[in-house]
Amino acid sequence: MTHPTTTRRLVHAWPVRLTHWINALAMPCMFLSGWGIYNASPLFGFAFPTWATLGGWLGGSIAWHFAVMWVLVINGALYVLYSLASRHFRRDLLPIGARAFRQDLMDALRFRLAHRLGTYNAVQRLMYWFVLAMGALVVLSGLAIWKPVQLQALATLFGGFDRARYVHFLAMAGIGGFVIIHLALVMLVPRTFLPMITGRVKETHHE
């Protein structure tokens, strides 16, 4: 006769959870204030509705944007430092094999992708590297826009002030796309939500 025992396995360390939720709170402010700045000088043939902006006017949107920017930059730097020191990147986000990615992508499109809490599949790994790259790009292009004279070399790298604005917008759109997919996956697999708060998941073993 077997006796079931329950254990609580750690799947998300507290630094990962803390930086995740700081991002979750700060990113909406960054998007909304950024849209307010965009509306002052649109790049494309559309503008964001006023209710979807933050700050009330250009100066207010800029103030919000820069204030939240520092929160995200410091938070992102802490996450990267922790991930390097703890080998989180190497352990959880590598490797990404082409064959594994194709298989996981096909399974995801068929809604047959198996998910073990605390384990990232190849599609998730690539998505996290993508959003990290977009995060670095949005910061660098943002600096080029903020200080185009003082950081002239950086602005030149992006092709000048005007092109840096396009890069900044497209990088922001890439992050926004990641957020939408991330939220959709949480809704499809809701059991992933609680461990991002508690850090642990219950597992039953039969002995």
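Residues numbered from 1 in each chain as written. Predicted model: local features only at pLDDT ≥ 70, side-chain atom pairs only at ≥ 80, totals over all residues. Heavy atoms only, no water.

With an unreviewed UniProt entry as reference, the chain is termed Cytochrome b/b6 domain-containing protein, source organism Pseudomonas luteola. The record held by UniProt for the chain lists under Subcellular location (unreviewed entry) the comment "Cell membrane". (UniProt positions renumbered as here; feature names shortened; annotations may be inferred.)

The next thing to look at is the layout of surface pockets. Quantified by volume, the second largest pocket comes out at close to 170 Å³. Forming the boundary of the second largest pocket are R9, L10, V11, H12, A13, V16, Y82, H88, R91, D92, G118 and Y120. For the lining of the second largest pocket, the elements supplying multiple residues, two or more each, are β1 (4-10) and α3 (88-92). (1 Å grid on protein atoms, 1.4 Å probe; cavity = no way out; pocket = protein on both sides within 12 Å on 5 of 7 lines; lining within 4 Å. Points joined across faces, edges and corners; volume = space filled by probe spheres on them. Helix = DSSP H or I, 4+ residues; strand = E, 2+ residues; numbered from the N terminus.)

Taken domain by domain, the chain consists of domain 1 (17-93) and domain 2 (109-206). Relative to domain 2, the C-alpha centre of domain 1 lies at a distance of 11 Å. Buried area between domain 1 and domain 2, both sides added, is near 1900 Å², and the carbon and sulfur share of it is 75%. Taken together, the links from domain 1 to domain 2 amount to 0 salt bridges. The tally of links between domain 1 and domain 2 comes to 6 residue pairs in polar contact (both at pLDDT 80 or more). Contributing elements (two or more residues each) for the side of domain 1 that touches domain 2: α1 (14-40), α2 (58-85) and α3. (Domains from an automatic or database assignment. Buried area = accessible area lost by both parts, 1.4 Å probe. Salt bridge = Lys/Arg side-chain N within 4 Å of Asp/Glu carboxyl O. Polar contact = N/O pair within 3.5 Å; in protein donor to acceptor, adjacent residues only side chain to side chain.)

A few words on the environment of T156. On the secondary structure map, T156 appears in helix α6 (residues 152-157). On the basis of relative accessibility, which here comes to 54%, the residue T156 falls in the exposed class. Here the alpha-carbon distance between T156 and H182, two residues 26 residues apart in the chain, equals 34 Å. (Buried < 20%, exposed > 50% of the residue type's maximum accessible area, 1.4 Å probe, protein only.)

Here we come to the side chain of T53. With respect to the helices and strands, T53 occurs in the loop between α1 and α2. When neighbours within four sequence positions are excluded, T53 is seen to be in contact with L32, W35, G36, N39 and F48. (Contact = heavy atoms within 4.5 Å.)

On to unusual backbone geometry. P95 follows L94 through a cis peptide bond whose omega is -5 degrees. Its identity as a non-glycine residue notwithstanding, R87 has a phi of 65 degrees, on the positive side. Tracing the chain through its elements places R87 in the loop between α2 and α3.

Taken as a whole, this structure holds 1 salt bridge when the rule is applied. Between D92 and R91 there is a salt bridge, with its nearest N and O atoms 3.5 Å apart. Overall, the relative accessible area of 15% leaves D92 in the buried class. The exposure class of R91 is partly exposed, given its relative accessible area of 48%.

One finds L72, F169 and I175 to be the most contacted residues of the largest nonpolar core, which totals 20 residues. At the level of secondary structure, the elements contributing two or more residues to this core comprise α1, α2, α5 (122-146) and α7 (161-188). Among the domains, domain 1 (17-93) and domain 2 (109-206) are the pair contributing at least three residues each to this core. The residues contacting F169, other than those within four sequence positions of it, are Y38, L43, F44, F46 and F48. (Core = buried A, V, L, I, M, F, W, Y, C linked by side-chain atoms within 4.5 Å.)

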